[in-house]
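One letter stands for each residue in the lines below.
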Protein chains: 2
Amino acid sequence: MEKIVVRQLFRNLDRYANQIVELNGWVRNNRAQKSFGFLMVNDGSFFETIQVVYEENLENFKEVQKFRVGSAVTVRGLVVPTPDAKQPFEIKAQEVILEGDCPEDYPIQPKRHTREFLREVAHLRPRTNLFAAVFRVRSLVAHAIHSYFQEQNFVYVHTPIITGSDAEGAGEMFQVTTLDFNNVPRTEEGAVDFKQDFFAKSTNLTVSGQLEAETFALALRDVYTFGPTFRAENSNTQRHAAEFWMIEPEIAFADLQDDMDLAEGMVKYIINYVLEHAPEEMAFFDQFVSKGVLERVKAVAASDFKRLPYTEAIEILLQADKKFENPVSWGIDLSTEHERYLTDEVFKAPVFVTDYPKDIKAFYMRLNDDQKTVAAMDLLVPGVGELIGGSQREERLEILEQRMDEIGVPKEELDWYLDLRRYGGVKHAGFGLGFERMIMYITGVENIRDVVPFPRTPKNAEF
Amino acid sequence: MEKIVVRQLFRNLDRYANQIVELNGWVRNNRAQKSFGFLMVNDGSFFETIQVVYEENLENFKEVQKFRVGSAVTVRGLVVPTPDAKQPFEIKAQEVILEGDCPEDYPIQPKRHTREFLREVAHLRPRTNLFAAVFRVRSLVAHAIHSYFQEQNFVYVHTPIITGSDAEGAGEMFQVTTLDFNNVPRTEEGAVDFKQDFFAKSTNLTVSGQLEAETFALALRDVYTFGPTFRAENSNTQRHAAEFWMIEPEIAFADLQDDMDLAEGMVKYIINYVLEHAPEEMAFFDQFVSKGVLERVKAVAASDFKRLPYTEAIEILLQADKKFENPVSWGIDLSTEHERYLTDEVFKAPVFVTDYPKDIKAFYMRLNDDQKTVAAMDLLVPGVGELIGGSQREERLEILEQRMDEIGVPKEELDWYLDLRRYGGVKHAGFGLGFERMIMYITGVENIRDVVPFPRTPKNAEF
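Residues numbered from 1 in each chain as written. Chains lettered and ligands numbered in written order. Predicted model: local features only at pLDDT ≥ 70, side-chain atom pairs only at ≥ 80, totals over all residues. Heavy atoms only, no water.

1. Describing the interface of chain B and chain A
The accessible area lost on association of the parts is a frequent measure of interface size.
Here comes step 1: Counting residues at the interface gives 106 residues for chain B, matched by 107 residues for chain A.
Here comes step 2: Interface area for chain B against chain A, summed over the two sides, is near 8800 Å², with a carbon-plus-sulfur share of 64%.
Here comes step 3: When the buried area of chain B at its contact with chain A is split by residue, H158(B), F181(B) and Y423(B) rank highest and sum to 10% of it.
Here comes step 4: The interface formed by chain B and chain A holds four salt bridges in total. (Contact = heavy atoms within 4.5 Å. Buried area = accessible area lost by both parts, 1.4 Å probe. Salt bridge = Lys/Arg side-chain N within 4 Å of Asp/Glu carboxyl O.)

2. Focus: the sheet that holds strand β8 (residues 162-163) of chain A
Here comes step 1: Sheet architecture is open: six strands sit in the order β8(A)-β10(A)-β9(A)-β9(B)-β10(B)-β8(B), paired in antiparallel fashion. Looking at the sheet topology across the chains shown, the edges are occupied by β8 of chain A together with β8 (162-163) of chain B.
Here comes step 2: Pairing geometry for β8(A) and strand β10 (residues 203-205) of chain A, over two bridges, is antiparallel. Its bridge partner being in β10(A), T163(A) is matched across the sheet by N204(A). (Pairing = 2+ DSSP bridges. Helix = DSSP H or I, 4+ residues; strand = E, 2+ residues; numbered from the N terminus.)

3. A few points about the environment of F61(B)
All names here are of chain B.
Here comes step 1: Among the structural elements, F61 can be located in helix α3 (residues 61-65).
Here comes step 2: Along the backbone, F61 and R307 are 246 residues apart, and their C-alpha atoms lie at a distance of 65 Å.
Here comes step 3: Beyond its immediate stretch of four places on either side in the chain, F61 contacts Q33, K34, S35, F36, Y54, E55 and E56.

4. Things to note about the sheet that holds strand β13 (residues 306-309) of chain A
Residue and element names in this part refer to chain A.
Here comes step 1: The sheet built from eight strands is open, its strands ordered β7-β11-β12-β17-β16-β15-β14-β13 with mixed pairing. The strands lining the two open edges of the sheet, one partner per strand, are β7 (155-156) and β13.
Here comes step 2: Packed on one face of the sheet, helix α14 (residues 435-443) meets β11 (222-230), β12 (243-252), β15 (373-381), β16 (385-392) and β17 (428-434) and runs near 60° to β17. (Axes fitted to C-alpha atoms, helices over the stretch in contact; angles between N-to-C directions.)

5. Some remarks on the relation of the copies chain B and chain A
For the pair of chain copies, the relating operation is a rotation around an axis with a shift along it.
Here comes step 1: Of the transformation superimposing chain B on chain A, the axial component is 0.0 Å and the angular component is 180°, with the fit at an RMSD of 0.0 Å. Overall, the copies show the geometry of a two-fold rotation axis. Across chain B, the rotation axis passes nearest the C-alpha of V176(B), at a separation of 2.4 Å.
Here comes step 2: A symmetric contact is evident, with 100% of the interface residues of chain B recurring at the interface of chain A. (Least-squares fit on C-alpha atoms with pLDDT ≥ 70 in both.)

Here it is as structure tokens:
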């Protein structure tokens, strides 16, 4: 008798049909009749649940009838193909053993729970269909990303989480400290004496690994980061979390076109990988979470992404036969309604908007010859909006220093960053993908709290 | 003419031999003679440097003669096989273009630099042989780990970095806060009012994702974490960093034997993956960093790991024909000299020491029937000592609660953890691998500061 997991049965039924197998799992439902019953068992290895039929010939039949939802069991039995039923097989039990009991007050019952409730029992919600599917897809997307870059010989770089610099200025930061609030050390002048802090200076949680990744791209050519990043923004929206993961590739001897090629390839790779490895989960999302999500992501994987300069995008918006809430003029940052108009109505495909006005973009983006725009790109996708933001980096020392002076970025703190332009600097580019945004896009789940195992948001750091 | 990277030439010379190619890279050395010269060029895609021969027929011959170390160049030329030379080919230049200049004060010159010096220019050190090799191997080991688990259908879980609990008590923690040291809010009683902090409570950086990973194992069966962890310990040793990465698999319906099988398989998978994907880097470590490291890791990949109960280990040590500095008796924690004696002298192979006295292990480890030991394991490897620590987890609610009471672990804070024993709890197990320790083991590099891109240690959070 072979010990197996449920995934093996679904993926290789021929091998196990009419064999006796042993498996473990948790009871999702128990429909006990007078002389027989059905246990629906899920073992976590596979999205689908299997049906175990038990009959009164079992020694412990009366006990099995009372096995409660949430209990853990070991089942030994015969795999019986059921080609005409919804499930391709069932298990005819010869033995069902209780491994772990579950009381009646178990919060995860076979009924519809609200997502708000399930967030409160985040330690139990992976036991539901929705969250088992979300978190397996999350894992698959992570591996797809690693595989995409590693197959192309990229080097994965762990940029630091604790950082002594807040130079990128991408938002409010969390402070990291070992100082005691009850006994704050002071300098003679009365300032907080960070010399006595763990790192002998004030430190924060990173908001981006890009600048450090650039140092590696200028040595190893093609690199990427994949790690947690943080924003101490007091935003209680569906799309913001204080802790989230980012992917930031950086490529040397490369320009904005190469950057977009890389981003487009990545999005398509991720989608195809998930379609191949999680068809059951994707069917579930399509049916119960976001109707049409399957067609939507398939269409994206098959489409050529449009590349559209910002200036042309503005012209299209100005000529649109549509009234926008946010007025359109050259120089504005595009708002969601503008982005959605471009992707959903005009192009019906993902769109890279490129070459934004320099004043609405970061200091490190390469100034174009027009002196007004920078070699930036945002990838907008239908139904969601911005998925990726990237740019070619300013590799010319003088122009970069001038931009930093204009915007007030402290050059002394970033002297090491300027070194990359002093010592064999070359054109290079990169982008950032918010990992959770990609998961939300692929699954159709609309709240970031529902795609993170234990979300961190204002006033919430449970578990 | 094809644009290529150096890796393609080395891996597929036949395809490019006697072809004209274009490539980019950085000058590692320039040996200019009167009527010709040699540029040693590295493009980051491959460990080895290529030799570019240039002659006075080049239009800019006199300029090329002066190209300095560190400069970035584009080279167009003929790939000429050199079967009798050390390098299998060279490039006969038809054109060499300067892409990025490099001044004479460039810190990375073609000479031996101390590792201490290179730490100070951590943004430039990936441009050296040693660090290019270390960081590529680091990346490969990361991908090997993901591949090992994903191929076995494990779910990768991002456990939280910011945590509201310090329950595991694995060491001193960093505080994460948005409170202002200059204006600390107070409660009426005068205590620090963490209700006004970002998360409305005191929060820290995680020391381990294990407890959260257990919640996922009890839903999805086989899971793993791979993320940064933190210790605010003021240890300035070669083996300690304040920020490091950990891998923590957790498997349900599994015992300590399954756990050791998983760990042994992982270590072998990692070694074989690196041997296959980085033979040049491994040869370099073997020759210049740690003589014999190649044989050592190969032997480990080919060996059966010994499994030895702690009590037997103590007997072996007591009977050893050797004087230890730290006296041996049942109940002690093994020190490095004991571990090295077992691995290097007695077994000459990796050894799992199992079933340690409960008093020297964590509260969550499963109590054995002898009531004195717990189902723990440490993997000791020759030349290094402890690489992995793991255990079967205590799944019995009453015994776990009793242990928590004995040790003083607050049960209220970990009520969610106890839920895993209340609701369908089953035997499960897991382990932790310090990622940097694995890199040090495989590369032979002895200081953790030299295997982390930008290390964080006491008084040091540069870049």
